[in-house]
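Observations on chain architecture
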Amino acid sequence: MNVFKVNDKRFNLGIELLNEGKGFIFDNVDFWLDKDNKTLEIRVESSWKTKITEQTAMADIQRGINLFNYLVESSSDFAKIAKENSSRFSLISDDGMGAVEICYLSDGKIIWHP
C-alpha cells in the first residue's frame, strides 16, 4: 500500500499493517515488519539499473535512512515500532515481476549478495 503523507488515515492504516507484520510504501521506500525476527525492513529501490557501485548503493540506502529518521521524528506510532525492533536497510532491484535484494547495510558497511 502506498502512503503519501504522515499522520493521515492511509498512514495510520500503514502503521496497522506494520503491526500485523505487513508493510507500506512511503516515497518509494518499502517499510515491512518481520515480526519473527523483530526487524523493521527498510528497502530502497536502486536508482541505478547498471553499474551499481558502493557509492551509489550507499547514496540510495542513505535516502532510506533519512526517510526512516523523518518518520521516527514525525510519528510517535512509527517511532514506537522502530524502538521495539531492530532496523535493516537494504537496496533492491524490482523489475515489476519481483524484487531482488542487491545489498544491505551492516555496521556501516555495504554487504553485497553474490
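The structure we're discussing is the one just above.
Throughout what follows, the structure given in this document is the object of discussion. What you are looking at is a predicted structure, and each value in this text was computed from that prediction instead of being measured.

**Overview of unusual backbone geometry**
In this model, N7 sits at a positive phi of 65 degrees, which is unusual for a non-glycine residue. In this structure, N7 sits in the loop between β1 (2–3) and α1 (9–19). Overall, N7 belongs to the partly exposed group, its relative accessible area being 46%. Phi is positive for N28, which is not a glycine, with a value near 65 degrees. By secondary structure assignment, the location of N28 is in the loop between β2 (23–26) and β3 (29–34). Take N28: its relative accessible area is 58%, and that puts it in the exposed class.

**A word on α1**
Side chains of residues three or four places apart in an α-helix project in the same direction, reflecting 3.6 residues per turn. Those residues of α1 not exposed but buried are F11, G14, I15, L17 and L18. Seen along its axis, α1 keeps its buried residues to an arc of 160 degrees; they face one direction. Between the side-chain oxygen of the N-cap and the backbone nitrogen of R10 there are 3.3 Å, and the N-cap of α1 in question is D8. Immediately beyond the C-terminal end of α1, within one or two residues, lies G21, with a positive phi of roughly 85 degrees.

**A short note on the packing of helix α2 (residues 54–74) against helix α3 (residues 76–84)**
At their nearest, the axes of α2 and α3 sit 6 Å apart, and the two run at 120 degrees to each other. One finds that α2 runs oblique with respect to α3. Of the residues in α3, those in contact with F68, L71, V72 and S74 of α2 are S76, F78, A79 and A82. A class-by-class count of the residues in the contact of α2 with α3 yields 6 nonpolar, 2 polar and no charged.

**Observations concerning the pattern of salt bridges**
If you walk through the whole model with that rule in mind, you get 6 salt bridges. K80 is the salt-bridge partner of E84, the closest N and O atoms lying 2.9 Å from each other. Of this pair, E84 and K80 both sit in helix α3, 4 residues apart, which is roughly one turn of the helix. Here E101 makes a salt bridge to R88, at a shortest N to O gap of 2.6 Å. With E101 in strand β6 (residues 99–106) and R88 in strand β5 (residues 86–94), this residue pair connects regions lying 13 residues apart in the sequence. Given a relative accessible area of 22%, R88 falls into the partly exposed group. The network of salt bridges with shared partners includes E41, R88 and E101.

**Some words on the packing of aromatic side chains**
Taken as a whole and assessed by the stated rule, the structure comprises 6 aromatic pairs. With 5.5 Å between their ring centres and 90 degrees between their planes, F68 and F89 make a pair best called edge-to-face. Residue F68 is found in helix α2, and its partner F89 is found in strand β5; the two are separated by 21 residues along the sequence. Just as F68 is buried, F89 falls in that class too. One aromatic cluster in this structure is built from F11, F24, F26, F31, F68, F78 and F89. Sitting over the ring of Y104, R88 keeps its end group 4.3 Å from the ring centre.

Parameters and conventions
Numbers given to residues run from 1 along each chain, matching the order in which its sequence is written. Local features are withheld for residues below a pLDDT of 70 in this predicted model, meaning they are given only at 70 or higher, and side-chain atom pairs are given and counted only at 80 or more; totals for whole chains, interfaces and linings count all residues. To get the side-chain values, take all heavy atoms of the structure and skip hydrogens and water. Secondary structure elements are taken from DSSP: a helix is a run of H or I of four residues or more, a strand is a run of E of two residues or more, and numbering for both begins at the N terminus. Only protein chains enter the accessibility calculation, which uses a 1.4 Å probe; a residue is then buried when its area is under 20% of its type maximum, exposed when over 50%, and partly exposed in between. Arc definition: it is the arc formed by the directions from the helix axis to the C-beta atoms. Polar contacts here mean pairs of N or O atoms no more than 3.5 Å apart (in protein, one a potential hydrogen donor and the other a potential acceptor; neighbouring residues in sequence count only if both atoms are side-chain atoms). Inter-axis angles, ranging from 0 to 180 degrees, are taken between N-to-C directions of lines fitted to C-alpha atoms, where helices are fitted over the stretch in contact. Orientation labels follow simple angle bins: below 35 degrees gives roughly parallel, above 145 gives roughly antiparallel, 65 to 115 gives roughly perpendicular, and whatever is left gives oblique. Pairs of residues are marked as contacts when any of their non-hydrogen atoms sit within 4.5 Å. Ten residues, namely Ala, Val, Leu, Ile, Met, Phe, Trp, Tyr, Cys and Pro, are considered nonpolar, four, namely Asp, Glu, Lys and Arg, are considered charged, and the remaining ones, Gly among them, are considered polar. We count a salt bridge whenever a side-chain nitrogen from Lys or Arg sits within 4 Å of a carboxyl oxygen from Asp or Glu. Each aromatic pair joins two rings of Phe, Tyr and Trp (for Trp, the six-membered one) with centres within 6.5 Å, and gets the label stacked for planes under 30 degrees apart, edge-to-face for over 60, and tilted for any other angle. Only when the NZ of Lys or the CZ of Arg is both within 6 Å of the ring centre and within 35 degrees of the ring normal is a charge said to sit over the ring.

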